[in-house]
Amino acid sequence: MEGGKRLTGTVRIQGSKNAALPVLAASVLIPDTCVFQNVPYITDIGCMENLLRSTGAVLEKREAVMELCIDARNIREYRLPARYVSAMRSSVVLMGALLGRIGEALVDYPGGCVIGKRPIDLHLFGLEKLGAQIWTDKNRIHAYADELRGALIRFPFPSVGATQNTILAAVTARGTTVIQNAAREPEVTALCEFLNKAGADIVIGHDFIATGRIVIHGVDVSCLHGVTYTVIPDRIVAGTYMFAALCAGGSVALENAPVSQLRSVCDLLRRMGGNVVFDEEHDRLLVDTDEKRRIKNIPFVETGVYPEFPTDLQSPLLACACVSGGELVLKERIFSSRFKVVEELVRMGADIAVLDDESVRVRGVEKLEGRTVIARELRGGAALVIAGLAAKGITTVADIRYIRRGYQDIVGDLKGLGARISYVD
Ligand code: UD1
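Analysis parameters
Residues numbered from 1 in each chain as written. Predicted model: local features only at pLDDT ≥ 70, side-chain atom pairs only at ≥ 80, totals over all residues. Heavy atoms only, no water. Domains from an automatic or database assignment. Contact = heavy atoms within 4.5 Å. Buried area = accessible area lost by both parts, 1.4 Å probe. Salt bridge = Lys/Arg side-chain N within 4 Å of Asp/Glu carboxyl O. 1 Å grid on protein atoms, 1.4 Å probe; cavity = no way out; pocket = protein on both sides within 12 Å on 5 of 7 lines; lining within 4 Å. Points joined across faces, edges and corners; volume = space filled by probe spheres on them. Helix = DSSP H or I, 4+ residues; strand = E, 2+ residues; numbered from the N terminus. Nonpolar A, V, L, I, M, F, W, Y, C, P; charged D, E, K, R; others polar. Core = buried A, V, L, I, M, F, W, Y, C linked by side-chain atoms within 4.5 Å. Buried < 20%, exposed > 50% of the residue type's maximum accessible area, 1.4 Å probe, protein only. Near = heavy atom within 4 Å. Polar contact = N/O pair within 3.5 Å; in protein donor to acceptor, adjacent residues only side chain to side chain. Areas by Shrake-Rupley, 256 points an atom, 1.4 Å probe, with all protein chains shown as cover. Pairing = 2+ DSSP bridges. Axes fitted to C-alpha atoms, helices over the stretch in contact; angles between N-to-C directions. Parallel < 35°, antiparallel > 145°, perpendicular 65-115°, else oblique.

(A) Just the domain arrangement of the chain, in detail. Structurally, the chain comprises domain 1 (7-14 + 233-415) and domain 2 (17-230). Computed over C-alpha atoms only, the centres of domain 1 and domain 2 are separated by 30 Å. Each side of the interface is counted separately: domain 1 has 24 residues, and domain 2 has 26 residues. Here domain 1 and domain 2 share an interface that buries about 2,000 Å² over both sides, 55% of which is from carbon and sulfur atoms. Looking at the side of domain 1 facing domain 2, the largest losses of area belong to Y306, R405 and Q408, adding up to 34% of the total buried there. One can count two salt bridges joining domain 1 with domain 2. Two residues, E187 and R235, come together in a salt bridge whose shortest N-O distance is 2.8 Å.

Dropping the structure here:
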């Protein structure tokens, strides 16, 4: 890409990766056919499709209308192939779904982006509380249950994946499960909404964000039935394009953005000097910057669990902070090592000091320099694209397979906004 061009126009936000993966995994619980709409075309979804096929599900893809049909009447296989499990962390939520449907799951330790320690102790804690027996060795986890029983489960930390895994196993458990300190992320609520539509009995109160309490009344597998479900829009992709607009400057309208899920992001953009307005009439989120005023850093930002500022937008913010006026200290509170992108941004001329495992200090520079940089994980890769939009000269981002895990067409979307960007063959 050649930096220095302001972005203008409209971009439509794709379906959410992190919401789609658990609902697709949930289809394993349902002895019927489900139709999923607005499923993003990204490689992590392809990986989930392969995992589902390996369990005995029959899939039909209607790419033209972005639909995926999953017939899970004949789920038989409890062993998941290592090559897909190790490629993607969210494969682990299939454990809860398989336990709930056929009472057994055998998986390798899951993979995913290299963003620090990613243990699964909380997943296993939730499943064991429901009565699953679990054996682990160096490489694999074997879970088995003659019968899952409802339980009171209080998570010491509100892990998104562990909450989803526990919900999936509890749907068909005997009796009632109460989860306390559950993750409040919209992708958890979306999973519950999908399951309820398919016949589950899950109660999330209006005060869920405050309480983190989920009540699941177990139902028989035979009560679950096929549904048509539309995947919610991707708040992280929306946030990425908001930071792109702030960083490159311009005037961008986001269609299909989940506005209510983006409050912390909108607040931050405004505090940095961007104009963010929700155009209710056209259901669009508008982000623009004043051509004459430089975007400025604010002194301190930290990531947190929902509804705080999301860790998945920490790297896009970092890219933007590199060219904003003043200084920002950025603290990562969710993952232990999520600053892999710093090295690449520094190669582009950014002034970033790593203070410790959790914090960096950024001093905004006038311009970044175009370079060849390497994407090392998904959101860090997207951040390099954002940085390239504001850099002087040509930036090439290598290893974009990481970006393709979560962004359907980042290049096409930004080109549509006027960026001088293309894929390199
Ligand atoms: C999900 C998202 C990811 C996002 C993250 C936090 C998907 C596919 N991925 O990841 O994009 O960044 O939520 O919003 O939805 N932890 C434990 N033990 C466990 C599980 C987690 O210690 O058993 C720790 C993790 O190491 C991490 C923290 O809890 O430090 C948050 O992890 P978690 O909420 O589970 O995130 P994921 O579900 O992996």
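What follows continues from the structure just given.
(B) A look at the layout of surface pockets. Its volume calculated, the second largest pocket comes out at about 400 Å³. Lining the second largest pocket are 21 residues, and of these L246, C247, A248, G249 and K367 sit closest to its centre. Looking at which element gives the most residues to the lining of the second largest pocket, the answer is helix 9 (residues 235-248), with three residues. A breakdown of the residues in the lining of the second largest pocket according to their chemical character gives eight nonpolar, four polar and nine charged.

(C) Quick peek at empty space enclosed by the protein. Using the criterion set out here, one finds two cavities of 30 Å³ or more in the structure. Reported here for the largest cavity is a volume of approximately 40 Å³. Around the largest cavity, the lining residues are V39, P40, Y41, E49, K61, M66, E67 and L68. Here the residues of the lining of the largest cavity sort into five nonpolar, no polar and three charged. One number sums up the size of the second largest cavity: a volume of about 30 Å³. Of all elements in the fold, only helix 12 (341-347) and helix 13 (378-389) reach the threshold of two or more residues within the lining of the second largest cavity. The dominant element in the lining of the second largest cavity, judged by the number of residues it contributes, is helix 13, at three residues. Class assignment for the residues of the lining of the second largest cavity results in three nonpolar, two polar and four charged.

(D) Up close: the nonpolar core. Of all hydrophobic cores here, the largest spans 80 residues; its most connected members are F36, I167, F194 and L195. For this core, the element with the highest residue contribution is helix 1 (residues 17-26), accounting for seven residues. Contacts of F194, omitting those with residues within four sequence positions, involve V23, A26, I30, C34, F36, V227 and Y229. Listed in part, the 73 residues of the second largest apolar core include V287, V341, I352 and A382.

(E) View of the site of the ligand. Surrounding the ligand, one finds 20 residues, the nearest of these being D121, L122, S159, D312 and I334. Interatomic distance of 2.8 Å between a backbone N/O atom of G161 and an oxygen atom of the ligand. When the free accessible area of the ligand is taken as 740 Å², the share hidden by the protein chains comes to 86%. Those elements that place two or more of their residues in the shell around the ligand are helix 1, helix 5 (121-129) and helix 6 (160-170).

(F) Inspection of the sheet that holds strand 18 (residues 351-354) at higher detail. In space, the four strands of this open sheet follow the order 16-17-19-18, with mixed pairing throughout. Strands with a single pairing partner mark the edges of an open sheet, and in this sheet they are strand 16 (300-302) and strand 18. Neighbour-to-neighbour, the strand axes of the sheet open up by a mean angle of 20°, direction not taken into account. Two strands pair when backbone bridges link them, and strand 16 and strand 17 (residues 327-331) are joined in this way by three bridges, in the parallel orientation. Paired with E302 across the strands is K331, a residue of strand 17. Sheet strands touched by helix 11 (residues 314-321): strand 16, strand 17, strand 18 and strand 19 (359-363). Its angle to strand 17, the strand with the most contacts, is close to 165°.

(G) Quick peek at helix 11. With eight of eight residues buried, helix 11 is to be regarded as a mostly interior element. Of all the positions in helix 11, only Q314, S315, P316, L317, L318, A319, C320 and A321 are classed as buried.

(H) Main features of the packing of helix 9 against helix 11. Helix 11 packs onto helix 9 with a crossing angle of 0° between their chain directions and a minimal axis gap of 9 Å. By the criterion of interaxial angle, the relationship of helix 9 to helix 11 is roughly parallel. The segment helix 9 lies against helix 11, with T240, F243, L246 and C247 engaging P316, L317, A319 and C320. Here the contact of helix 9 with helix 11 is built from residues that sort into seven nonpolar, one polar and no charged.

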